[in-house]
Amino acid sequence: MKIAYYITGHGYGHAVRSIPVIEKLLSKLPSLQVVICTFAPRWLFSQLPPERILYRHVALEIGVLQADSFSVDIPATLKANQELLSRRRAVQVQEQERAFLVSFGISAVISDITPIAFPAARQAGIPAFAVANFSWDWIYSAWLEPHPEFSPIIQWMRDAYAQADRLFRLPFYGDLQIFSRIEDVGLVCRKSRHDPKEVRRRLGLGNERILLVALRAADLIKVEWS
């Protein structure tokens, strides 16, 4: 059995939370193979068993273009989406994905939260499931007033998401009512394989309380540390 797992390449969060889901699927289904379809870097998935994973580097959505965590380039995001989702291009990409699903003998699709995966799966005649706490149409909707050009892009995405067979909705979610069948699930995260005391020893820490702040390298110059 083969599953195609589509993962948004915007940042690392979607990939990181998809890994424990994939690990659980592999443990429950010993004969399962998973094709990971994403433009997130391959090294993120290095902990998964290579004999049961196929990495397919493919960029099927834009996400949000930003130089750092504090600013979003909305005009560039709009332009990139317009280029990717022009009518002719969108049809070509959807057919590309349908052909991939059929030729690889994919039995089901899971997407976090690549829109085009759902109509491609529908055309291929296989079920498609979403795992998410937000969708890109919801993100883009906040920019409609200053940028009404997002309207056809948002509608295309909603039409795509509506073709999902079911959404497994994660906590802290936005408006996901475009999905007709929703099942709420618990928080998904990776768990450390190391004892907390060993981690502290390796980092040279004592028993003091610590706060971990995750930032991009480009963010550091905008933070006042003192």
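Residues numbered from 1 in each chain as written. Predicted model: local features only at pLDDT ≥ 70, side-chain atom pairs only at ≥ 80, totals over all residues. Heavy atoms only, no water.

Enquirer: Which residues make up the overall build of the protein, and what are the values?
Expert: From N to C terminus, the protein includes 7 helices and 7 strands. Ordered by position from N to C terminus, the α and β elements of the protein give β-α-β-β-α-α-β-α-β-α-α-β-β-α. In summary, the protein has a C-alpha radius of gyration of 19 Å against a globular reference of 17 Å for 226 residues, a match within 12%. Projected onto the principal axes, the alpha-carbon positions of the protein cover approximately 60 × 50 × 30 Å. Taken across its 226 residues, the protein has 41% of its residues classed as buried. For the protein, the accessible surface area stands at approximately 13,000 Å², while carbon and sulfur atoms represent 56% of it. For the protein, the centre of its 27 positive side-chain charges and the centre of its 22 negative side-chain charges are spaced 7 Å apart. (Helix = DSSP H or I, 4+ residues; strand = E, 2+ residues; numbered from the N terminus. Rg over C-alpha atoms; globule rule 2.2 N^0.38 Å. Buried < 20%, exposed > 50% of the residue type's maximum accessible area, 1.4 Å probe, protein only. Areas by Shrake-Rupley, 256 points an atom, 1.4 Å probe, with all protein chains shown as cover. Lys, Arg positive; Asp, Glu negative; His and termini not counted. Charge placed at Lys NZ, Arg CZ, Asp CG, Glu CD.)

Enquirer: Lay out the sheet that holds strand β5 (residues 128-132) with the relevant residues and their values.
Expert: The strand order β3-β2-β1-β4-β5-β6-β7 describes an open sheet built from 7 strands, whose pairing is parallel. A strand with exactly one partner marks an edge of an open sheet, and here the two such strands are β3 (53-57) and β7 (182-184). Averaged over all adjacent pairs, the angle separating strand axes in this sheet is 20 degrees, with direction ignored. Pairing analysis gives 5 bridges linking strand β2 (residues 33-38) to β3, with the strands arranged parallel. Each residue of the ladder has a partner; that of Cys37, found in β3, is Arg56. (Pairing = 2+ DSSP bridges. Axes fitted to C-alpha atoms, helices over the stretch in contact; angles between N-to-C directions.)

Enquirer: Explain the pairing of β2 to me, and be specific about the residues and the numbers.
Expert: With 5 of its 6 residues buried, β2 lies for the most part within the structure. In terms of strand pairing, strand β1 (residues 2-7) meets β2 through 6 bridges, oriented parallel. Paired with Tyr5 across the bridge in β2 is Ile36. A crossover links β1 with its parallel partner β2, the connecting element being helix α1 (residues 13-28), and its sense is right-handed. (Right-handed = clockwise from strand over helix to strand, strands pointing away.)

Enquirer: So what's going on with the nonpolar core? Which residues, and what values?
Expert: By size, the foremost hydrophobic cluster in this structure holds 41 residues, and its most contacted members are Tyr6, Leu101, Val109 and Tyr140. At the level of elements, β1, β2, α2 (74-84), α3 (87-103), α4 (117-124), β5, α5 (136-141) and α6 (151-161) are the ones that each hand at least two residues to this core. In this structure, Tyr6 is in contact with Cys37, Arg56, Leu60, Glu97, Phe100, Leu101, Val109, Ile110, Ser111, Asp112, Thr114 and Ala117, ignoring residues within four places of it in sequence. Core analysis: the second largest hydrophobic core is formed by 21 residues, Ile3, Val21, Ile36 and Leu44 among them. (Core = buried A, V, L, I, M, F, W, Y, C linked by side-chain atoms within 4.5 Å. Contact = heavy atoms within 4.5 Å.)

Enquirer: Give a description of the pairing of β1 that names residues and reports values.
Expert: A large share of β1 lies buried, amounting to 5 of its 6 residues. Direction of pairing for β1 relative to strand β4 (residues 108-112): parallel, over a ladder of 5 bridges. The residue of β4 that forms the bridge with Ile3 is Ala108.

Enquirer: An account of the pattern of salt bridges is needed here, citing residue identities and associated values.
Expert: For the structure shown, the criterion picks out 9 salt bridges. The salt bridge involving Asp112 is made with Arg17; its shortest N-O contact spans 2.8 Å. Taken together, the positions of Asp112 in strand β4 and Arg17 in helix α1 put the pair 95 residues apart, joining distant regions of the chain. Given a relative accessible area of 0%, Asp112 falls into the buried group. Across the pair Arg56 and Glu97 runs a salt bridge, and its minimum N-O distance is 2.8 Å. A residue pair is termed long-range when its members are at least 10 positions apart, and Arg56 in strand β3 and Glu97 in helix α3 qualify at 41 residues. (Salt bridge = Lys/Arg side-chain N within 4 Å of Asp/Glu carboxyl O.)

Enquirer: Before we move on, can you summarise a nonpolar patch on the surface with the specific residues and values?
Expert: On the surface, a nonpolar cluster with roughly 670 Å² of combined accessible area is contributed by Phe70, Leu211, Val213, Leu215, Leu220 and Trp225. Mapping Phe70 onto the fold places it in the loop between β3 and α2. (Patch = residues over 30% accessible without salt bridge, like charges linked within 9 Å, V, L, I, M, F, W, Y side chains within 5 Å.)

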